[in-house]
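Chain by chain, the residues run as shown.
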Amino acid sequence: MMQFAWENYKRYAWGANELRPISQQGHSSNLFGSLKGATIVDALDTLYIMEMDDEFEAAAEWVENNLDFNMVRKNTEISVFEVNIRFVGGLLSAYYLSGKEVFRQKAVELGEKLLPAFKTPTGIPWALLNMKSGIGRNWPWASGGSSILAEYGTLHLEFMHLSKLSGNPIFAEKVMNIRKVLKRLEKPSGLYPNYLNPNSGHWGQHHVSVGGLGDSFYEYLLKAWIMSDKTDEDGKALYYEALQAIEKNLIRKSGGGLTYIAEWKGGLLEHKMGHLTCFAGGMIALGADGAPDQQTGHHMELAAEITRTCHESYARTNLKLGPEAFRFDGGVEAIATRQNEKYFILRPEVIETYMYMWRFTHDPKYRQWGWEAVQALEQHCRVEGGYSGVRDVYASSPNHDDVQQSFYLAETLKYLYLLFSEDDLLPFEHWVFNTEAHPLPIIKKETSHQANEVE
Ligand code: DMJ
């Protein structure tokens, strides 16, 4: 599958951000401004771990010769979050896996280009940045000029590594300041609203979500602790406190016995769960071990129930692929009821969660469910020129959206590969995956022996 996705990208869209597999040409979304090669950078580590050595070398050569952040045109803006998780994250992993210096250099250079986004009164970064002028702003639709939790809260892992690799503390300082601002704020019912104004430092609308706009913030609290070799006690405490508030206020069970994570709007629940929210099964399983008050077993059960619900969201469709969002109201359970929530864009979250559940339980059902997804992808998403998303998973035959997302190669196919590999490929004792599935090594605390050696 990776070979097919890659070969077609190479044939029809080499150097473009993404591939249009039906029209067989390049594609770019506005998230990347005038940056190029998102699929190449996002796929580097997947090529590496799958031992597609020639393809990896060709990709590395492209990065060396063509990935140039000074060529960025004047009036284009990038999404700080997307560029961080895909480009910085992709380059960091490629560096740690291959040891090639060019990846380290490019990651640090790009990280430096992102720093002007933090020029706000609070230090909470802008969502969008003109890399040429260094001027930032927020999405016009985001609650009166707010920054978004899942965006400014998903920089921590990459920025800690940038400081480590560059010797420059500025990156770590920027993300530790975000932590500090968040810690000071009062949280409604212990929950984190999705919107925060970077000028005033006040929350915007009180919308809370473990899916879109919130998701990876929670993931990065837990992973910051794990990546610090479990020394970041603040990250740990914030994660388990947040999860407790989520469980109390957002997690519900349907009449048919399916556990789901709802969304919260000023105290009222919307009984909807996004495909994006399905990553939470894997996150909760990953954090179960460290759960306070002997809650490990409870967290594992919760993770397993969420995974079952997400599997149901696939099983209850015609194409056996999950909708973008599914509901638990109006007499339905785990089914999309709105036309604009029925699409599937090759997202990874459900397969990601199967992979975590497999690693922690070795229950064969998680591999079976992963295999069902493989068959559905092959049957409905594979087209002549690559893989495509579909517009309606309840239709009798697929209507393709003509985009092969870069995260399909970075995440979906990597997590599938890991689901069917031995546990010692990228073992959890040594690696933490960023939210785009790019593995970053745990930064080991110095033992006294090592400390002596350094001295
Ligand atoms: C990816 O870019 C990342 O997983 C992100 O955290 C959420 N959205 C996409 C995949 O669905």
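Residues numbered from 1 in each chain as written. Predicted model: local features only at pLDDT ≥ 70, side-chain atom pairs only at ≥ 80, totals over all residues. Heavy atoms only, no water.

A. Inspection of the overall build of the protein chain at higher detail. Broken down by element type, the protein chain carries 16 helices and 18 strands. Relative to the 2.2 N^0.38 estimate, which gives 23 Å for 455 residues, the radius of gyration of the protein chain is 21 Å and therefore close to what a compact globule would have. Projecting the C-alpha coordinates of the protein chain onto the three principal axes gives extents of approximately 60 × 50 × 50 Å. Looking at the protein chain residue by residue over its 455 residues, the buried ones come to 62%. The contacts in the protein chain between residues at least 6 apart in sequence include a share of 67% that link residues at least 24 apart. Both charge centroids of the protein chain, one from 44 positive and one from 58 negative side chains, sit 6 Å from each other. (Helix = DSSP H or I, 4+ residues; strand = E, 2+ residues; numbered from the N terminus. Rg over C-alpha atoms; globule rule 2.2 N^0.38 Å. Buried < 20%, exposed > 50% of the residue type's maximum accessible area, 1.4 Å probe, protein only. Contact = heavy atoms within 4.5 Å. Lys, Arg positive; Asp, Glu negative; His and termini not counted. Charge placed at Lys NZ, Arg CZ, Asp CG, Glu CD.)

B. Just the side chain of S143, in detail. Inspection of the secondary structure puts S143 in the loop between β5 (136–137) and β6 (147–148). Among all residues touching S143, those that are not within four sequence positions of it are Y195, G204 and Q205.

C. Main features of the sheet that holds strand β3 (residues 78–79). Read from one edge to the other, the open sheet built from three strands follows the order β3-β4-β5, with strand pairing classed as antiparallel. Here the strands that pair on one side only, and so sit at the sheet edges, are β3 and β5. Of the strand pairs in this sheet, β3 and strand β4 (residues 128–129) are connected by two bridges, and their pairing is antiparallel. Paired with I78 across the strands is L129, a residue of β4. (Pairing = 2+ DSSP bridges.)

D. Highlighting the sheet that holds strand β8 (residues 207–208). Ordered in space as β8-β11-β12, the three strands form an open sheet in which the pairing is antiparallel. The sheet terminates laterally at β8 and β12 (268–270), the two strands that pair on one side only. The sheet contact formed by strand β11 (residues 263–265) and β12 spans three bridges and is antiparallel. Following the sheet pairing, W264 is matched in β12 by L269.

E. Here's a closer look at the layout of surface pockets. Counted as a void, the largest pocket has a volume near 1200 Å³. The wall of the largest pocket is formed by 49 residues, among which G212, L213, L276, E324 and R347 lie closest to the centre. Among the elements of the structure, α4 (80–98), α6 (149–152), β8, α9 (215–227), β11, β13 (272–274), α13 (349–361) and α15 (406–419) are those that each provide at least two residues to the lining of the largest pocket. Looking at which element gives the most residues to the lining of the largest pocket, the answer is α4, with four residues. Partitioned by chemical class, the residues of the lining of the largest pocket number 19 nonpolar, 13 polar and 17 charged. Size it by volume and the second largest pocket reaches roughly 230 Å³. Forming the walls of the second largest pocket are W225, I226, D229, K230, L286, D289, F360, F428, E429 and I442. (1 Å grid on protein atoms, 1.4 Å probe; cavity = no way out; pocket = protein on both sides within 12 Å on 5 of 7 lines; lining within 4 Å. Points joined across faces, edges and corners; volume = space filled by probe spheres on them. Nonpolar A, V, L, I, M, F, W, Y, C, P; charged D, E, K, R; others polar.)

F. Main features of the site of the ligand. By nearness alone, every residue bordering the ligand is listed as I85, R86, L276, R347, P348, E349, F407, E411, T435 and E436. Contact distances for the ligand include 2.7 Å between an oxygen atom and a side-chain N or O atom of R347. The separation between an oxygen atom of the ligand and a polar side-chain atom of E436 is 2.5 Å. Starting from 290 Å² of accessible surface for the ligand in isolation, the protein chains cover 91%. (Near = heavy atom within 4 Å. Polar contact = N/O pair within 3.5 Å; in protein donor to acceptor, adjacent residues only side chain to side chain. Areas by Shrake-Rupley, 256 points an atom, 1.4 Å probe, with all protein chains shown as cover.)

G. Main features of the environment of A336. Within the fold, A336 resides in the loop between β14 (325–327) and α13. Spatially, the C-alpha atom of A336 lies 19 Å from that of H380, the residues being 44 residues apart in sequence. Here A336 is in contact with P323, A325, F326, E341, K342 and Y394, once residues within four sequence places are set aside.

H. Representation of empty space enclosed by the protein. Under the criterion given, the structure shown has three cavities of 30 Å³ or more. Roughly 130 Å³ of volume is contained in the largest cavity. Contributing to the lining of the largest cavity are Y152, G153, H156, V175, I178, R179, L182, Y192, F217, Y220, L221 and L238. Those elements that place two or more of their residues in the lining of the largest cavity are α8 (170–184) and α9. A total of four residues in the lining of the largest cavity trace back to one element, the largest contributor, which is α8. When grouped by side-chain class, the residues that make up the lining of the largest cavity number nine nonpolar, two polar and one charged. Taken as a whole, the second largest cavity encloses approximately 50 Å³ of empty space.

I. Here's a closer look at the packing of helix α2 (residues 38–49) against α4. Contact geometry of α2 with α4 gives a least axis separation of 8 Å together with a crossing angle of 30 degrees. Accordingly, the angle class assigned to the pair α2 and α4 is roughly parallel. Between α2 and α4 lies a crossing whose hand is left-handed. Along the contact surface, α2 presents A38, V41, D42, L44, D45, Y48 and I49, while α4 presents R86, F87, G90, L91, S93, A94, L97 and S98. (Axes fitted to C-alpha atoms, helices over the stretch in contact; angles between N-to-C directions. Parallel < 35°, antiparallel > 145°, perpendicular 65-115°, else oblique. Left-handed = near helix turned anticlockwise from the far one by under 90°.)

J. View of the packing of helix α11 (residues 279–288) against helix α12 (residues 296–315). Where α11 meets α12, the closest approach of the two axes is 8 Å, and the angle between their N-to-C directions is 165 degrees. Considered as vectors, α11 and α12 are oriented roughly antiparallel to each other. As α11 runs across α12, the sense of the crossing is left-handed. Touching G281, I284, A285 and A288 of α11 are T296, H299, M300, L302, A303, I306 and T307, all from α12. Tallied by class, residues from the contact of α11 with α12 come to seven nonpolar, four polar and no charged.

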